[in-house]
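If you want the building blocks of each chain, they are given just below.
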Amino acid sequence: MAPKSDSAEAIVLNFVNEQNKPLNSQNVADALQKFNLKKAAVQKALDTLSDGGKISFKEYGKQKIYLARQDQFDIPNTEELTCMKEKNAELQQQLEEQKKAVNEVEGEIKSLQSNLTLEEILEKDAKLRKEVKEMEVKLVKLHEGVTLVRPEERKTIEKMYTDHVSQWRRRKRMFKDLWDAITENSPKDLKEFKEELGIEYDEDVGVSLQSFGDMLQQGKKRARGQ
């Protein structure tokens, strides 16, 4: 059911006065859809109110702009404006202080929420004690010289290690033979030529084939001595 004419005028007048800014009929109609007012009813109310002198209007071409009558509002003088500005500054400061206090409280809440409950502390304590006990048992076995790696696993790892070292040695030899053949009669400085090609020796990157071979031999000796 559509609002009565006088009711529509009251709603429109109240809205225009509350907004106290230039409005066209579409602005008012969009804002007052919740009152089930159609644009035609809004336009009629605006025209009636402006004809009756309850609101002001100006025409810009074909469009009418409506505004609340300013003589109904108390316009503060210079002294009142100054007081209002000072009060506003004071309220802004209070607002910032309140925001700061809220942030501090929220920080404390987050800190408290991040702390463990007694139940969680006891659970974590039990878990850590269990891990410590397991590590102590493992440490005792290491001190007693107990082999923690099964023989078949050790053999598999040693074979893999030996194969990789052998491949490394073979490829190193192949590269040396090829490099010697290429650079045998080359007039270029070998160091510059190597850098130009982007070639790096093992020593350039801090590794040594000999050290890996020695490590393998030491491992075998240690295994025979056990």
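Located above this text is the structure these notes cover.
Rules behind the numbers
- Residues numbered from 1 in each chain as written.
- Predicted model: local features only at pLDDT ≥ 70, side-chain atom pairs only at ≥ 80, totals over all residues.
- Heavy atoms only, no water.
- Helix = DSSP H or I, 4+ residues; strand = E, 2+ residues; numbered from the N terminus.
- Buried < 20%, exposed > 50% of the residue type's maximum accessible area, 1.4 Å probe, protein only.
- Contact = heavy atoms within 4.5 Å.
- Areas by Shrake-Rupley, 256 points an atom, 1.4 Å probe, with all protein chains shown as cover.
- Core = buried A, V, L, I, M, F, W, Y, C linked by side-chain atoms within 4.5 Å.
- Polar contact = N/O pair within 3.5 Å; in protein donor to acceptor, adjacent residues only side chain to side chain.
- Pairing = 2+ DSSP bridges.
- Expected span 1.5 Å × (residues − 1).
- Arc of directions from axis to C-beta.
- Phe/Tyr/Trp six-rings, centres within 6.5 Å; stacked < 30°, edge-to-face > 60°.

Enquirer: Could you give an account of the overall build of the chain, naming the residues involved and the relevant values?
Expert: The secondary structure content of the chain amounts to 8 helices and 2 strands. In the chain, the order of α-helices and β-strands from amino to carboxyl end is α-α-α-β-β-α-α-α-α-α. The burial tally for the chain puts 15% of its 226 residues in the buried class. Within the chain, contacts between residues separated by at least 24 positions form 53% of all contacts whose residues are at least 6 apart in sequence. Approximately 18,800 Å² of the chain is accessible, and the part contributed by carbon and sulfur atoms is 54%.

Enquirer: I'd like to hear about the environment of Ser166, residue by residue, with values.
Expert: For Ser166, the position within the fold is in helix H6 (residues 151-183). Note: C-alpha distance between Ser166 and Gly213 (47 residues apart in sequence) is 9.1 Å.

Enquirer: Give a detailed account of the nonpolar core, specifying residues and quantitative values.
Expert: Residues Val12, Val16, Val28, Leu32, Leu37 and Leu46 are the most contacted members of the largest nonpolar core, which totals 17 residues. When contributions to this core are tallied by element, the ones reaching two or more residues are helix H1 (5-19), helix H2 (25-31), helix H3 (39-51) and strand E2 (63-68).

Enquirer: Account for the side chain of Ser25, naming residues and giving values.
Expert: Checked against the element boundaries, Ser25 lands in helix H2. By relative accessible area, Ser25 is classed as buried at 12%. In this structure the side chain of Ser25 is engaged in a polar contact, spanning 3.1 Å, whose partner is the side chain of Gln43. Beyond its immediate chain neighbours, meaning those up to four positions away, Ser25 contacts Lys39, Val42, Gln43, Leu46 and Tyr66.

Enquirer: Got a sec to walk through the pairing of strand E1 (residues 55-60)? Specific residues and values, please.
Expert: The pairing of E1 with E2 spans 6 bridges and is classified as antiparallel. Looking at E2, one finds that Glu59 is bridged to Lys64.

Enquirer: Residue-level account of H3, with values.
Expert: An ideal rise of 1.5 Å per residue puts 18 Å on 13 residues; H3 measures up with 18 Å between its terminal C-alpha atoms. Along H3, the positions that sit buried rather than exposed are Val42, Ala45, Leu46, Leu49 and Ser50. Angular distribution of buried residues about the axis of H3 spans 125°; they occupy a single face of the element. Of the exposed residues in H3, those oriented more than 90 degrees away from the buried face are Ala40, Lys44 and Asp51. Directly beyond the C-terminal end of H3, a positive phi value near 80° is found at Gly53.

Enquirer: Just give me the short version of the packing of aromatic side chains, but keep the residues and values in it.
Expert: Within this structure, the stated rule accounts for 2 aromatic pairs. With a centroid separation of 6.4 Å and 40° between ring planes, the pair formed by Phe57 and Tyr66 is classed as tilted. Classification of Phe57 by relative accessible area gives partly exposed; the value is 34%. Ring centres of Phe175 and Trp179 lie 5.9 Å apart, and the angle between their planes is 20°; this geometry places the pair in the stacked category. Of this pair, Phe175 and Trp179 are both found in helix H6, 4 residues apart, which corresponds to roughly one turn of the helix. A residue is classified by how much of its surface remains accessible, and Phe175, at 32% relative accessible area, is partly exposed.

Enquirer: Describe unusual backbone geometry, naming the residues involved and giving the relevant values.
Expert: Backbone geometry places Asn20, a non-glycine residue, at a positive phi of 50°. In this fold, Asn20 is placed in the loop between H1 and H2. Despite not being glycine, Asn36 shows a phi value in the positive range, around 60°. Within the element layout of this structure, Asn36 appears in the loop between H2 and H3. The class for Asn36 is partly exposed, based on a relative accessible area of 40%.

Don't take any of this as a statement about function, it's just geometry.
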